[in-house]
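Descriptive structure summary
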Amino acid sequence: MELGYLFTDHMVLQREKPIRIYGTADTAVTVKFDEAELTVRPDCGKWCAEFPPMEAGGPHKIEIIGDGETVELYDVMVGEVFLAAGQSNMAHLTFGAIGGFEKARGYYNSDIRLFTVPHHSDGGSYQFEWQFERVSTSKTAWRIC
């Protein structure tokens, strides 16, 4: 059994929208979201469990059982999810700004979470192409601000 790469501890799920948890498996998968529980069968190896929309809140625990293994996800929040995209300016760190290290060092907010999709550039003579790597939960996870 394998979960989609976004499903890790500390993740944020969009509030007031159906909550879909998905992945791949060979046999039926049971997903427990707090007290709610769904069992789904894979179709061509892919499965998706859909829970009804929820209001903002948490932390929640999600447990996924399938193919003889169990995965537990902790500190899951439901709230607003924002996608930020752009060019190289999106990759600049606060630490690099004047006074940024001091500001960042003293700041902590457990309600803000960040997920960064890894990428690399493949420079040619006329243009750059962004190559987005296949993400695995062992490489990248949601981080708390």
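Now for a look at the structure at hand. All of these numbers come straight from a predicted model, not from anything done at the bench.

**Some words on the overall build of the chain**
- The number of helices and strands found in the chain is 1 helix and 12 strands.
- Secondary structure elements of the chain, listed N to C terminal, follow the sequence β-β-β-β-β-β-β-β-α-β-β-β-β.
- For the chain, the proportion of its 145 residues judged to be buried stands at 26%.
- When the accessible surface of the chain is split by element, carbon and sulfur atoms take 53% of a total near 10,200 Å².

**Describing a nonpolar patch on the surface**
- Together, Y5, L6, Y22 and V117 make up a nonpolar patch on the protein surface, roughly 310 Å² of accessible area in all.
- Mapped onto the elements, L6 comes out in the loop between β1 (2-3) and β2 (12-14).

**Examining the sheet that holds strand β6 (residues 46-51)**
- If you trace the 3 strands from one edge of the open sheet to the other, you get β1-β3-β6, paired in antiparallel fashion. On the outer flanks of this sheet lie β1 and β6, each paired with one strand and no other.
- Here β1 runs beside strand β3 (residues 19-24); their pairing, made up of 2 bridges, is antiparallel. Within β3, the residue paired with E2 across the bridge is T24.

**Section: the pattern of salt bridges**
- In the structure shown here, the tally under the stated rule is 5 salt bridges.
- Note that R20 and E50 form a salt bridge whose closest N and O atoms lie 2.9 Å from each other. Of this pair, R20 sits in strand β3 while E50 sits in strand β6; the two residues are 30 residues apart in sequence, bridging distant segments of the chain.
- With relative accessibility at 44%, the residue R20 sits in the partly exposed group.
- Using a relative accessible area of 43% as the deciding quantity, one classes E50 as partly exposed.
- With its nearest N and O atoms 3.3 Å apart, the salt bridge here joins R113 to D75. Of the two residues, R113 is situated in strand β9 (residues 113-114) and D75 in strand β8 (residues 69-79); the sequence distance between them amounts to 38 residues.
- Residue classification places R113 among the buried residues on the basis of a relative accessible area of 12%.
- Each of the salt bridges in this network shares a partner with another, and the network as a whole consists of R15, E16 and E80.

What counts and what doesn't
Residues numbered from 1 in each chain as written. Predicted model: local features only at pLDDT ≥ 70, side-chain atom pairs only at ≥ 80, totals over all residues. Heavy atoms only, no water. Helix = DSSP H or I, 4+ residues; strand = E, 2+ residues; numbered from the N terminus. Buried < 20%, exposed > 50% of the residue type's maximum accessible area, 1.4 Å probe, protein only. Areas by Shrake-Rupley, 256 points an atom, 1.4 Å probe, with all protein chains shown as cover. Patch = residues over 30% accessible without salt bridge, like charges linked within 9 Å, V, L, I, M, F, W, Y side chains within 5 Å. Salt bridge = Lys/Arg side-chain N within 4 Å of Asp/Glu carboxyl O. Pairing = 2+ DSSP bridges.

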